[in-house]
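Next come the chains, spelled out residue by residue.
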Amino acid sequence: MRVILQRTAILLAVFLAAIAVYFIWFQKKETPETLYTSLEEAGFPVLSVDMLGREMNHLHGYRVQTEDVSTRSSLTILPADRKLTVYVGQNQMQLQGISYEIRSLDRERLIERTEIAQEEWKSLEDGRVSVQLPIQNLLTEEKEYRLTVILNTEESGKLYYDTRILLTDAQMAQDMVELALRFSDATLDASRSGELSTYLEPNRAEDNSSLGRVSIHSSLAQVAWRNLGMQRTSSIYLELAELNGNLATIKLRYVAEESGESGEETDSKESYEVIEDFTLRWSSQRIYMMDYNRSVNQIFSGAEDLFSGKRVQLGVTDGSSLQVMSSASKTCTAFLANRELWAYDSRDNEVFKIFTFRDNGSDELHHGFEQHKIKILRVSDEAVIDFLVYGYMNRGEHEGQCGITYYQYDSKSRILKERFFAESSQGYELLREDVDSLTYLNSKDVLYLFYQQAVYGIDLTSGEYLVIAEGLSDDSYCISRDRTILAWQESTDLLSSHIIHVMNLETGEKREIQKGSDILLRTLGFVDNDIVYGMAREEDSSTLYGKLAEIPMYALEVADETTEVAAHYEKEGLYLTDIQVEGSRIHMLRSTKNADGSYAKKDEDTLINNEEVAAEESQGIGWYNSEEMGRLYYVSLPTEIAEGKSLRYQAPRRVEKEHNSDLVLKSNGKESVKSFYAYSGGRLLGKYTKFSDAVQTAYEHMGLVTDERQTVLWLRGNRSSARNLRSPRELWLEFASYVEDFEGSVGYEDGWLLLDGRDCTLEQMLFYVDKGYPVPVGIGGGKYSLLVGYDSSSVQIYEPDSEQTNRLSMEAAEAYFESCGNNYIAPFFTNS
């Protein structure tokens, strides 16, 4: 009996010990510092180049060679002997081969392909490998090419790393890089802040309330970090984004930390991701700063003292990646902070760190790479959060791929489930534009997504999808303010559609608008959930100043989601153009028809909706002003955080994939119009079908414009102070025959490219005069004058009929050409 009791006591003790271990292990309190990500560690090495006497242009690897030539990767200047040193970063992969190839920017022409023998690899003390690329003498100076370095690895096969390369004198670029570094250093050193004044252009109209966004027009105190004693805590990752003649764009990325006024240490430190963009112009006398922008985003630590009352403190941010969404009962709130997804559940006072590419203690080189975004789709009362991650995948199973991943996080099971992954042939910037334009998840688990000129409806239950609309351009579709209603034209030709389709994305119900076989329809936008469209007649089409113009509309209508007409606007004898829908207002330009079929501007008019459309709410984001830090942002929670009760932290335990979760999104539609790309600071600003829209965007941001082949078509800031073209008649005759039949931007077999510069400004068109091209300007009656010269106050105009050259003041020329409709044609000769 005693033996039995002893055995029972022993078993009971073991059982109680097991319970205690279980309780301690599984119920122990997580802290923000111990939270981890369940994604696999980043494994791809990061490459960099030896350039201008320093390590620059850190390159991230891709699993497949990208087909998207619109991505302007960093620019690497080759040494005079073309022997470029490349560093392969530390990694756990086994390198089996290193090679490279050089192609034209559009990838169509192969220049060189070379394998680097393994005995040429050099192992460095820090664990990296350096190789020298013996680039052959096949490159034309002052012409950009695309270099792809290829690593062959045992674990992941071939990895591809891209940079543009240029063979040119490096001295100007080196001088400008050194200035950018000195300027950046001076912003962090109170004793050197006086050095900044030489380059700044303070403007009283500039917003100096936030450290999140700072520009060349900000105050000196703002650029100098308000004397907070900021200091770098990471290396500077330096990138040359552009070099066009004596004009350079340089980008710096690093992590900084506040140490208190005058550099004194403080108990609580916050870290910040900092990106500085410089546009600099070199001259023999000095270097001019044409533009400067700094964006700062506080790295959200999740510390308990950031949660208080009904607020979660986010701190300093540029506002580019903020989003908040709460569940129906307001018990669970998910929010984004600097490309990380967090959530707070008031029921159990829990904080979830759901998704991040960052890992505690890891280097910023991998996890600070900002080529991705997160979008929250749905938050349930049970703390189940659906979201998208789109762009470059920094780590995990899809590392090195660009695409769209749909995740669902269940806080109860702590499982992060991948519901689908769709790889993209586009680079991050175009993908971001597409996903940001339309993403809507309805209550039936159907996700609507805009991607590559098509709208897809993806059934998350079955994993199948439908193409809702395809062949769309920017002007052929529009989306309601709440993203629930989509409208698009039947025809891919903007000026020949007789039907507009209207679809409710929540219910799936689809309707059509048509007014007869002789009436053309154009989508114009939405006032709240009411669609605005215009009506035109084919017989009203005309050529404006010798070019095909948009067909003016004789009327416009506003219809609700059932296509019931709520308002009709029509004035006898008046035609409507340049219609803009902004909130509850519809602005339009009214014209009259002349006897020759052309149109003359009459006046402007504005329609105002009787029920004012409320501005979009801040979606749970608030801010307040701090005397020391300026504007600080916070998440506004719908319920109070429990006082005196410690927060519980959790993160996903593991990632699971649904069966056959990979999607291949394909449509039959093809892009039917020529596109133009505006860039600034090495970033894509937008893709446009109108050349003038791309130029205006680039002009506002001190940028440039390219076509699909990455030919730079227009550039701001790199223009001589004066230019005078000799023999303008001979230059004009080289392409005059093309102008006679010109109807839109088009290229010709002999290398000439004519761009529709209508609506551009005189100042913008002088770029072409500086490049040696006379610029035709339509003056009516099928006739053109030519811009052939300029200085700081006047322009020279050549008249082909009289062969005379006249001089007009800049103001008089602007007024004259504006009265003619700013009907410019921008000539450009390509030698590729």
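Residues numbered from 1 in each chain as written. Predicted model: local features only at pLDDT ≥ 70, side-chain atom pairs only at ≥ 80, totals over all residues. Heavy atoms only, no water.

## Concerning the overall build of the protein chain
Item 1. Of the regular secondary structure elements, the protein chain holds ten helices and 60 strands.
Item 2. Over its C-alpha atoms the protein chain spans a radius of gyration of 30 Å, differing by no more than 12% from the 28 Å that the globule rule assigns to 832 residues.
Item 3. The burial tally for the protein chain puts 54% of its 832 residues in the buried class.
Item 4. Considering only contacts in the protein chain between residues 6 or more positions apart, those separated by 24 or more positions represent 58%.
Item 5. Carbon and sulfur atoms make up 45% of the accessible area of the protein chain, which amounts to about 37700 Å² in all.
Item 6. One finds the centroid of the 84 positive side-chain charges in the protein chain at a distance of 3 Å from the centroid of its 134 negative side-chain charges. (Helix = DSSP H or I, 4+ residues; strand = E, 2+ residues; numbered from the N terminus. Rg over C-alpha atoms; globule rule 2.2 N^0.38 Å. Buried < 20%, exposed > 50% of the residue type's maximum accessible area, 1.4 Å probe, protein only. Contact = heavy atoms within 4.5 Å. Areas by Shrake-Rupley, 256 points an atom, 1.4 Å probe, with all protein chains shown as cover. Lys, Arg positive; Asp, Glu negative; His and termini not counted. Charge placed at Lys NZ, Arg CZ, Asp CG, Glu CD.)

## Observations regarding the pattern of salt bridges
Should their charged atoms come close, side chains of opposite charge can pair.
Item 1. Taken as a whole and assessed by the stated rule, the structure comprises 43 salt bridges.
Item 2. Two residues, Glu195 and Arg192, come together in a salt bridge whose shortest N-O distance is 3.0 Å.
Item 3. Ionic contacts of the salt-bridge type, sharing partners, join the residues Arg378, Asp386, Arg419, Asp445 and Glu658 into one network. (Salt bridge = Lys/Arg side-chain N within 4 Å of Asp/Glu carboxyl O.)

## Details of the sheet that holds strand β39 (residues 555-559)
Sheets are built from strands that pair by backbone hydrogen bonding, the pairs being arranged parallel or antiparallel.
Item 1. Pairing within the open sheet is antiparallel, and its four strands lie in the order β35-β36-β39-β40. Where the open sheet ends on each side, the last strands, each with one partner, are β35 (519-527) and β40 (565-570). Between one strand axis and the next, the sheet turns through 20° on average, direction left out of account. (Pairing = 2+ DSSP bridges. Axes fitted to C-alpha atoms, helices over the stretch in contact; angles between N-to-C directions.)

## Let's talk about the sheet that holds strand β6 (residues 110-116)
Item 1. Across the sheet, five strands lie side by side as β3-β10-β9-β5-β6; this open sheet has mixed pairing. Of all strands in the sheet, those with a lone pairing partner are β3 (75-77) and β6, marking the two edges. Taking each pair of neighbouring strands and ignoring which way they run, the sheet shows an average axis angle of 30°.
Item 2. Summarising the sheet, strand β5 (residues 95-103) and β6 pair through six bridges and their orientation is antiparallel. Pairing of Ser99 across the sheet is with Glu115, part of β6.

## Side note on the environment of Leu138
Item 1. Within the secondary structure, Leu138 is located in the loop between β8 (129-134) and β9 (144-153).
Item 2. Spatially, the C-alpha atom of Leu138 lies 50 Å from that of Ala221, the residues being 83 residues apart in sequence.
Item 3. In this view, Leu138 contacts Ile111 and Tyr145; residues no more than four positions away in its chain are not counted.

## A short note on the packing of helix α6 (residues 691-700) against helix α9 (residues 762-770)
Packed helix pairs are specified by the crossing angle of their axes together with the interaxial distance, meaning the distance between the axes.
Item 1. Between α6 and α9, the shortest axis-to-axis distance is 11 Å and the interhelical angle comes to 100°. If you check the angle between α6 and α9, you find them roughly perpendicular. Here Phe691, Val695, Gln696 and Tyr699 of α6 lie close against α9, whose contacting residues are Glu763, Gln764, Met765 and Tyr768.
Item 2. Partitioning the contact of α6 with α9 into residue classes produces five nonpolar, two polar and one charged. (Parallel < 35°, antiparallel > 145°, perpendicular 65-115°, else oblique. Nonpolar A, V, L, I, M, F, W, Y, C, P; charged D, E, K, R; others polar.)

## Considerations on the environment of Tyr790
Item 1. Counting through the fold element by element, Tyr790 comes out in strand β57 (residues 783-790).
Item 2. Contacts of Tyr790, omitting those with residues within four sequence positions, involve Arg719, Ser720, Ser721, Ala722, Arg723, Leu766, Val769, Asp770, Val795 and Gln796.
Item 3. There is a polar contact of 3.3 Å between the side chain of Tyr790 and the side chain of Asp770. (Polar contact = N/O pair within 3.5 Å; in protein donor to acceptor, adjacent residues only side chain to side chain.)

## Details of the nonpolar core
Side chains of nonpolar character tend, in soluble globular proteins, to be buried together.
Item 1. Grouped together as the largest cluster of nonpolar side chains are 63 residues, with contacts concentrated most on Leu133 and Ile250.
Item 2. Top element by residues in this core is helix α2 (residues 171-187). It accounts for eight residues.
Item 3. In this structure Ile250 touches Met176, Val177, Ala180, Leu238, Glu239, Leu240, Glu276, Asp277, Phe278 and Leu280, once residues within four positions along its chain are discounted.
Item 4. Phe676, Ala678, Tyr688 and Val777 belong to the second-largest nonpolar core, a separate cluster that totals 53 residues. (Core = buried A, V, L, I, M, F, W, Y, C linked by side-chain atoms within 4.5 Å.)

## Let's talk about the confidence of the model for the protein chain
Low pLDDT means the predicted coordinates in that region are not meant to be read closely.
Item 1. Taken as a whole, the protein chain shows an average pLDDT of 88; of its residues, 90% reach a score of 70 or greater.
Item 2. Scored below 50 in pLDDT, residues 262-267 shows eight contacts in the model against residues more than four places distant or in partner chains. (pLDDT = per-residue confidence, 0-100.)

## Examining the side chain of Ser283
Item 1. Residue position: Ser283 is located in the loop between β15 (271-282) and β16 (287-298).
Item 2. A polar atom in the side chain of Ser283 sits 2.7 Å from the backbone oxygen of Arg286.

## A short note on the packing of aromatic side chains
Item 1. Per the stated rule, a full pass over the model turns up 31 aromatic pairs.
Item 2. Between Phe817 and Tyr824 the ring centres are 6.0 Å apart and the planes differ by 65°, which places this aromatic pair in the edge-to-face class.
Item 3. A connected cluster of aromatic rings, assembled from ring pairs, spans Trp732, Phe735, Trp752, Tyr773, Phe828 and Phe829.
Item 4. When the ring centre of Tyr634 is taken as reference, the NZ or CZ atom of Arg311 above it lies at 3.9 Å.
Item 5. Positioned over the ring face of Trp623 is Arg631, at 3.7 Å from the centre of the ring. (Phe/Tyr/Trp six-rings, centres within 6.5 Å; stacked < 30°, edge-to-face > 60°. Lys NZ or Arg CZ within 6 Å of the ring centre and 35° of its normal.)

## What about unusual backbone geometry?
Item 1. One non-glycine residue, Asp578, lies in the positive phi region at around 50°.
Item 2. Since its relative accessible area comes to 48%, Asp578 is described here as partly exposed.
Item 3. Its identity as a non-glycine residue notwithstanding, Asp759 has a phi of 85°, on the positive side.
Item 4. Within the secondary structure layout, Asp759 lies in the loop between β55 (752-756) and α9.

## Describing the pairing of strand β49 (residues 676-680)
Item 1. For β49, a buried count of five out of five residues is recorded, marking the element as mostly surrounded by other parts of the structure.
Item 2. The side-chain alternation of β49 yields two buried faces, one formed by Phe676, Ala678 and Ser680 and the other by Tyr677 and Tyr679.
Item 3. With five bridges joining them, β49 and strand β50 (residues 683-688) adopt antiparallel strand pairing. When the bridges of β50 are listed, Phe676 appears paired with Tyr688.
Item 4. Turn length for the β49-β50 hairpin, with the two strands adjacent in sequence and antiparallel, is two residues, and the turn residue Gly681 shows positive phi of about 60°.

## Thoughts on the pairing of β55
Item 1. The element β55 is extensively covered by neighbouring structure, given that five of its five residues are classed as buried.
Item 2. What you see with β55 is no split at all: Trp752, Leu754 and Asp756 on one side and Leu753 and Leu755 on the other are buried throughout.
Item 3. Of the strand pairs in this sheet, β55 and strand β60 (residues 825-829) are connected by five bridges, and their pairing is antiparallel. Within β60, the residue paired with Leu755 across the bridge is Ala826.

## Brief notes about α9
Item 1. In terms of burial, α9 is largely enclosed, as eight of its nine residues are buried.
Item 2. Looking one or two residues past α9, Gly772 carries a phi angle of roughly 100°, positive in sign.

## Some details on a negative patch on the surface
Item 1. On the surface, Glu763, Glu811, Glu814 and Glu818 cluster together into a negatively charged patch.
Item 2. Considering every element that reaches the negative patch, the biggest residue donor is helix α10 (residues 810-819), with three residues.
Item 3. Mapping Glu763 onto the fold places it in helix α9. (Patch = residues over 30% accessible without salt bridge, like charges linked within 9 Å, V, L, I, M, F, W, Y side chains within 5 Å.)

## Brief notes about α2
Item 1. Its 17 residues place the ends of α2 25 Å apart at the C-alpha level, agreeing with the 24 Å of an ideal helix rising 1.5 Å per residue.
Item 2. For α2, every residue scored as buried is listed here: Ala173, Met176, Val177, Leu179, Ala180, Leu181, Phe183, Ser184, Ala186 and Thr187. (Expected span 1.5 Å × (residues − 1).)

## Examining the side chain of Lys373
Item 1. The residue Lys373 is located in strand β23 (residues 372-379) in this model.
Item 2. Within the local environment of Lys373, its side chain forms a polar contact with the side chain of Asp436, the two groups lying 3.1 Å apart.

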